[in-house]
Amino acid sequence: MHPFNYHKPSTLAEAVALHQGAEDPAYLSGGHTLLPTMTQRLAAPSDLIDLEGLTELIGIAVDNGTLSIGAFTRHAEVAASTEVQSALPALAELAEGIGDAQVRNRGTIGGSLANSDPAADYPAAVLALNAVIHTDRRQIPADGYFRGLFETALEADEVITRVDFAIPSRAAYEKFPNPASRYATVGVMVADFNGTVRVGVTGAGPCACRADAFEAALSARFDPAALDDAELPAIDFNSDLHASAEYRVHLVRVMAQRATARLASL
Amino acid sequence: MSTETGIGAAVKRREDLRFITGRGNYTDDLNVPGQTCGVFLRSPYARAKIGAIDATDALQVEGALAVFTGRDTATDGLGDLPCGWLVKSKDGSDMAAAPHPPLAVSQVNYVGEPYGLVVAESLAAAREAAELVAADFEELTPVVATAEAAEASPIHEGLKDNLAYDWELGDEAATDSALATAAHVTRLDLTNNRLIPNAMEPRAALATFDPASGNYELRTTSQNPHLERLVLSAFVRIAPEHKLRVVAPDVGGGFGSKIFVYAEETVVTWAAAKVGRPIKWTAERSEAFLADAHGRDHVTHAELGLDGAGRFTALKARTTANLGAYLSTFGSAVPTYLYGTLLAGQYKTPNIHVQTHGVYTNTAPVDAYRGAGRPEATFVVERIVEAAARETGRDPVELRRLNMIEPDDFPYETPVALVYDTGNYQASLDKALHLADYAGFKQRRAASETRGKRRGIGFSCYIEACGLAPSQLAIQLGAGVGLYESGEVRVNPTGSVTVFTGSHSHGQGHETTFAQVVSDKLGVPFDDVEVVHGDTGRVEFGLGTYGSRSLAVGGSALISASEKIIAKGTRIAAHMMQTEPTNVAFEEGAFISGNQRLTLQEVAFASYVPADYPPDLEPGLSEKAFYDPENFTYPAGAHIAEVEVDEATGVVQLVNFVAVDDFGHIINPMIVDGQVHGGLAQGAGQALLEHGIYDANGQLTTGSYMDYCMPRADDVPDFVVDTTVTPCTHNPLGVKGCGEAGAIGSPAAIINAVTDALGTEDIAMPATPEQVWRKLSGL
Ligand SMILES: Cc1cc2nc3c(=O)[nH]c(=O)nc-3n(C[C@H](O)[C@H](O)[C@H](O)COP(=O)(O)OP(=O)(O)OC[C@H]3O[C@@H](n4cnc5c(N)ncnc54)[C@H](O)[C@@H]3O)c2cc1C
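Since the model is a prediction, treat every value here as computed from it, not as a measurement.

### Details of the interface of chain B and chain A
- Contacts between the two partners involve 23 residues from chain B and, on the opposite side, 21 residues from chain A.
- Between chain B and chain A, a total of about 1800 Å² is buried, with carbon and sulfur atoms accounting for 51% of that surface.
- In terms of surface lost to chain A, no three residues of chain B exceed B:Met706, B:Glu770 and B:Trp773, which account for 26% of the buried area on that side.
- On the surface where chain B and chain A come into contact, there are 5 salt bridges.
- Put simply, B:Asp646 and A:Arg258 hold a salt bridge, and the shortest N to O gap is 3.0 Å.
- Counting across the interface, chain B meets chain A through 12 residue pairs in polar contact (both at pLDDT 80 or more).
- For the side of chain B that touches chain A, the secondary-structure elements that each account for two or more residues are helix H4 (123–132) and helix H20 (769–777) of chain B.

### Regarding the domain arrangement of chain A
Residue and element names in this part refer to chain A.
- When cut into domains, chain A gives domain 1 (5–50), domain 2 (55–166) and domain 3 (170–264).
- Each of domain 2 and domain 3 was reduced to a C-alpha centroid, and the two centroids are 19 Å apart.
- Counting residues at the interface gives 26 residues for domain 2, matched by 24 residues for domain 3.
- At the boundary of domain 2 with domain 3, total buried surface from both sides reaches about 1800 Å², with 60% on carbon and sulfur atoms.
- Summed over the three residues of domain 2 that lose the most area to domain 3, namely Pro118, Leu127 and Ala128, the buried surface amounts to 26% of that side.
- Summed over the shared surface of domain 2 and domain 3, the result is 4 salt bridges.
- Arg262 is the partner of Glu93 in a salt bridge, and the nearest nitrogen-oxygen pair spans 2.7 Å.
- The interface formed by domain 2 and domain 3 includes 13 residue pairs in polar contact (both at pLDDT 80 or more).

### Observations concerning a nonpolar patch on the surface
- A cluster of nonpolar side chains, namely B:Phe605, B:Tyr608 and B:Val609, defines an oily patch on the protein surface of about 270 Å² accessible area.
- Tracing the backbone through its elements, the reader meets B:Phe605 in helix H17 (residues 600–608).

### A closer look at the site of the ligand
All names here are of chain A.
- The immediate surroundings of the ligand are formed by 28 residues, with Tyr27, Gly31, Thr33, Thr108 and Asp121 found nearest.
- With respect to the ligand, the backbone of Ile160 contributes an N or O atom lying 2.9 Å from a nitrogen atom.
- Taking Tyr183, its side chain carries an N or O atom lying 2.9 Å from a nitrogen atom of the ligand.
- For the shell around the ligand, the elements supplying multiple residues, two or more each, are strand E2 (25–28) and helix H7 (109–115).
- Counting residues per element, the shell around the ligand draws most heavily on H7, at 4 residues.

### A word on the packing of aromatic side chains
All names here are of chain B.
- This structure, assessed with the given rule, holds 26 aromatic pairs over all chains.
- Each ring, one from Tyr45 and one from Phe137, has its centre 5.5 Å from the other, and the planes form 70°; the classification is edge-to-face. With Tyr45 in the loop between strand E1 (36–42) and strand E2 (48–54) and Phe137 in strand E6 (residues 134–139), this pair connects stretches of sequence that are 92 residues apart.
- Overall, Tyr45 belongs to the partly exposed group, its relative accessible area being 27%.

### Topic: the sheet that holds strand E1 (residues 5–7) of chain A
All names here are of chain A.
- Taken in spatial order, the 3 strands of this open sheet run E1-E3-E2, and their pairing is parallel. Here the strands that pair on one side only, and so sit at the sheet edges, are E1 and E2. Geometrically, the sheet is characterised by an average inter-axis angle of 20° between neighbouring strands, direction not taken into account.
- Sheet topology places E1 next to strand E3 (residues 47–50); 3 bridges connect them, and they run parallel. Bridge assignment links Asn5 to a residue of E3, and that residue is Asp47.
- Contacting E1, E2 and E3, helix H1 (residues 12–21) runs over the sheet at an angle of about 150° to E2.

### Considerations on unusual backbone geometry
- For the bond running from B:Phe410 to B:Pro411, omega is -5°, close enough to zero to count as cis.
- Relative to the helices and strands, B:Pro411 is located in the loop between helix H11 (396–403) and strand E16 (412–413).
- With an omega of -10°, the peptide bond running from B:Met765 to B:Pro766 counts as cis.
- Position of B:Pro766 relative to the elements: it lies in the loop between helix H19 (741–758) and H20.
- A positive phi angle, close to 65°, is found at A:Arg182, a residue other than glycine.
- Here A:Arg182 is to be found in the loop between strand E11 (170–177) and strand E12 (184–193).
- In this structure A:Arg182 comes out as buried when scored by relative accessible area, which is 19%.

Calculation criteria
- Residues numbered from 1 in each chain as written.
- Chains lettered and ligands numbered in written order.
- Predicted model: local features only at pLDDT ≥ 70, side-chain atom pairs only at ≥ 80, totals over all residues.
- Heavy atoms only, no water.
- Contact = heavy atoms within 4.5 Å.
- Buried area = accessible area lost by both parts, 1.4 Å probe.
- Salt bridge = Lys/Arg side-chain N within 4 Å of Asp/Glu carboxyl O.
- Polar contact = N/O pair within 3.5 Å; in protein donor to acceptor, adjacent residues only side chain to side chain.
- Helix = DSSP H or I, 4+ residues; strand = E, 2+ residues; numbered from the N terminus.
- Domains from an automatic or database assignment.
- Patch = residues over 30% accessible without salt bridge, like charges linked within 9 Å, V, L, I, M, F, W, Y side chains within 5 Å.
- Areas by Shrake-Rupley, 256 points an atom, 1.4 Å probe, with all protein chains shown as cover.
- Near = heavy atom within 4 Å.
- Phe/Tyr/Trp six-rings, centres within 6.5 Å; stacked < 30°, edge-to-face > 60°.
- Buried < 20%, exposed > 50% of the residue type's maximum accessible area, 1.4 Å probe, protein only.
- Pairing = 2+ DSSP bridges.
- Axes fitted to C-alpha atoms, helices over the stretch in contact; angles between N-to-C directions.

In C-alpha cells:
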C-alpha cells in the first residue's frame, strides 16, 4: 500500500469539499473493494475520505411503498433488518448471500453500487426494484445509473446517500455463484408489481441490465415456462474461466426461471 | 499404561491450545533487533532474456538498503538449487537437469521466478524500491502445455529438447503381448489437473548472520530443516553445516510444498551476511500462487487388458508429467518412483508397463503435493478399472473383488518393483459398502431423479506407499538422501522425558502423538513427555516430514531409542536391586524383580546421581537411535463417493463420502480422522474445484482465490470415516501412515461417481459446472 492522507469528515458537505480539494481522492466506505486494490498497489489514492458516521448515509426506513436504505448500511445489516425482511425479503436474502461473513460485516450498499462490479449482487435488485439512487446533489433512476464496466452515472466527487427501492408485490433473487469467488456468475431478480414484472440481471454482461423480453413474457403469463423461448438481453455476455458466454446465456434463463418458479409456487 | 493417554487414545492435541489462542510462534511472528525486510523481484514473463537491471532509482528510496540480482549471487559463487533424485532414462542416461540458479541470471523461465532481492528498512520501502527497479527483458516464446512440451523447441539453452527424462518401469514386451491377446482392452486418456498448494501460512524466512561467530541462522517454514541446512551448506555453499542453524518453528501447513529448498529462503540467508543485518521475507498469497512448487499435472494414456472372465491381464500407462521450468527438490521422483510403482493398485495384474516423459515448461516447478505420485497412480488405476467394468457390463465392485490381492497372497510382489507386506482389501471394501448402504443406492437415485438431479456412485480402492524405504535401495535408484529418521529420548534426572525427533510437525500433531508413543512405551505420564522438533541446533539430524512417514519411521526411531533406555535402565536397576539384568522385567514404567520395584524416575535419578551404580556403565539416561525402515508401509482402503448433479446447471454436489482405510495400528484415532478429513477435502478440491491454469503466454490465470477455487466447508459432506487393521509387519508399532490417503483415494471415487451420474465415459478434473452442463447438453 502507498501512503495516503486519511480524513474523517463529520458532514456530507465537508466530505465533498475534501474530495474537491484533494489531488487524487477516493471515498472510503466498507473498504472491501478499495482496500484490496490498494494493498495490491493497483490503486494509490492520495486521500481517503471515510464516509463512516455521516448521518445522511445511515438508516433503513419503509414509507409509502418504498424501502429506503442509507448508503453506509452494511450487507449484514440489510440481511438482519426486520424492516427489510418484512417489506422486501428478497433483498434481505440477496444481502445474506454476498461474500462471506467478514465481507458482509464491512461492505456497504453504497460502496457496492458506486463500484458497480459486473458480478455484484445489488445491481440486479436496483434494476428489478426500480430503485432511485439518491446522491448529495440529485436523484438517479435505476435505468439511467449503470453505464458499463465499473462505470456509473456518478460524477467523480458525487456521494451516494441512499437507495430507495420500490416494494413489489413479490420478488425473488436467484444467484449462481462463481465457485471460487462466490460473486455472482449470474444473478437474476424477478419482481412482480401487481402484474407488471421487472427482471434485473447481474453477472452476465459488463454491467447489470434488465431482461426486457423476460419482463414482457412474465407480465403476460407468470410461469417459468413463459421464459422457455423468451429472448435474452442484447448484451455482450461475459466469458471467463468459470463460465463461457454460452453457459452464462443458459444460466440467465435458468436463474430467471428458478426465481419465477419460487414465486409461482408460493 | 493409562488408556486415556496411551496408544489408541483420542488425546486432544496439546499444541492446539497455543494455535487457537493466537500464541503460536510462526516465522513471521518472530522479530529480531536490527531486522530488515526483503522483497523479491519476480519475472512478469514466462520466458525472457534478462537485459540490464538498473537499481539507481530504487536505491534512492528512503530506507532502501540493497538490491541484489542473479549476477551478484553468481559472482559470489552461490551454487545451484539441486534436484535430490537423479532419475535415469530407459536408455541408462542421466536425466537432463537444467541448472537452477537461486536468482535467475540470464533468463527467466516462469512468471514469478525471482531474479532479484530488494532489502530495505521497512516492507513499504522495500516494495516501493522494488517497483522502481528497471529491468529490461527480451521476451521469448514460452512453452506451456504439458502434452506439447516434448515436441516444442527447448526452453533451456544447452538442452537438446524439453525432455528431462524418458523413464520406464515394468516389462513392456510382456505387457504389449498380453494386451494384444486380451479378450477386452479398455483405453482411457486422462489428465491429472495441476494443483496449487495453499497452506494456511505462506512461506517465510528470517535470516541472521553473526559476524562475530560467523554463524548463520535461518528460521523458516520448512518441513525438514536438516535437509534445508544440508542443501544450503553442501550445494549452495552458503556456510558449512556447523555454522548454519535452521529452525522451523510453528509451521502452518505444508502439504509437501515446504519440503523443498527454494530460492527465497536461500537468497535471504546469503543476503543477511551481505547486508550485515537480519532479513525477513514473508510471501504474500499471490507470491505463493506463483512461486510455491505446484502439484500433479499429468497427461496419461492408459490401457487395461481383461480376459474373458474379467481378470486383468495387463496395464499400460504412457504419462507425460509437467515438471515446470526447473527440477524442484524431489520433482523428478514424483512422476516416476512414487507413481509408476503404484500402478498395480490392489490388484493382481500380472503385466504392467509404465513410461513417463518428464517435460520442462515455462511454468512454476512441480513437485510433491499431498500424495505425490500416488494420487496420480490411483487415478489411472481406479478410473480405468471403473471404465472397464462399465464397458464389459460388470458391477464395478465385483470386478474389483475378482482381481484383488487376497490376504494369503502376502507378501505380494508386484510387477512394478514393490513388495506389499500385508493388507486385507476385501475387508475394507465390505465395510465401506455397508457404511455407504450400497444396497440402497438405487432408491436414492430414483429419489434424486424426482428432484431434477442425477445421482451417481463411484468407487476407489486405492493403495499407497508411505515412508519411502529402504535407504540403500532408494539411493541405488537415484535418491540423494537416506530415508531413515533419527530420534532421541532423554530421561531427565527427575524422570520427565524430553523427546527429540528429526521428523517435523506442521499440522500433523506430533507433539501429541509422539508423546503418546513414548509415554506408553516408557510408562511415564503423558504430561511428563515433551516433544522437540524442527531445530538443527537441538535435534541431531532428521529427514523431516513428507510422504506420511513421520510415525512409521520417526515414531519407530523413538521406539528404538526407548528400548535402549529400558535396556540401560534394566542394568542400573539390576545393580540397585542386587540381581542380574535377566531377572529384571520392565512393566508399566517400573523395573521389577521378584517383589522389588524401582520406577523409571528412580532409576533415572540414580543414573545422574550415581551413588550406587554399575561400575562399567556411563552415567546419564539419554539414548539416540536412527531407524531405517526395511520396506515402505502400504496403507490401503476403499473410498465410495456419491454425487448429485443438477441437470439444469451442471452443479455437482458431493452428497455422501465413505472412507474405510487400513492404516495399521492407530495411535490417536482423533488425529487420524482429522488427517483423513483434510485429505478428503483436498481430494474433493482436485476432483471438483481446483485447477492451476496458465494461459498460452504462460501467465497464471488462477493466481488468487478469486479464480483458484479452494474447497470450503459447504463443498463437502459429513464424511463417514472408519478403519480396518492389518498391522504393518516390519515396524515396531505396526503403523502405516495416514496423512495422504484421503487425497490419494478420493479424486477417482468422485470422478467415477460423476461419470456414473452422467453416463459418460470420462470427464476431466475438475468437473466444473460448465463442463458437466456441456456433457449433459451434448455440447
Ligand atoms: C472476498 C470478497 C467477496 C465478495 N463477494 C461479493 C459478492 O458475492 N457479491 C457482491 O455483490 N459483492 C461482493 N464483494 C464486494 C463487497 O460487497 C463490497 O462491499 C463492495 O464491492 C464495495 O463496498 P464497500 O462498502 O466495501 O466499498 P469501498 O471498497 O469502500 O468502496 C468501493 C468504491 O466505491 C466508492 N464509494 C464507496 N462508497 C461510496 C458512496 N457512498 N458514494 C460514492 N462512492 C462511494 C469508493 O470510493 C470506491 O471507489 C466481495 C468482496 C470481497 C472482498
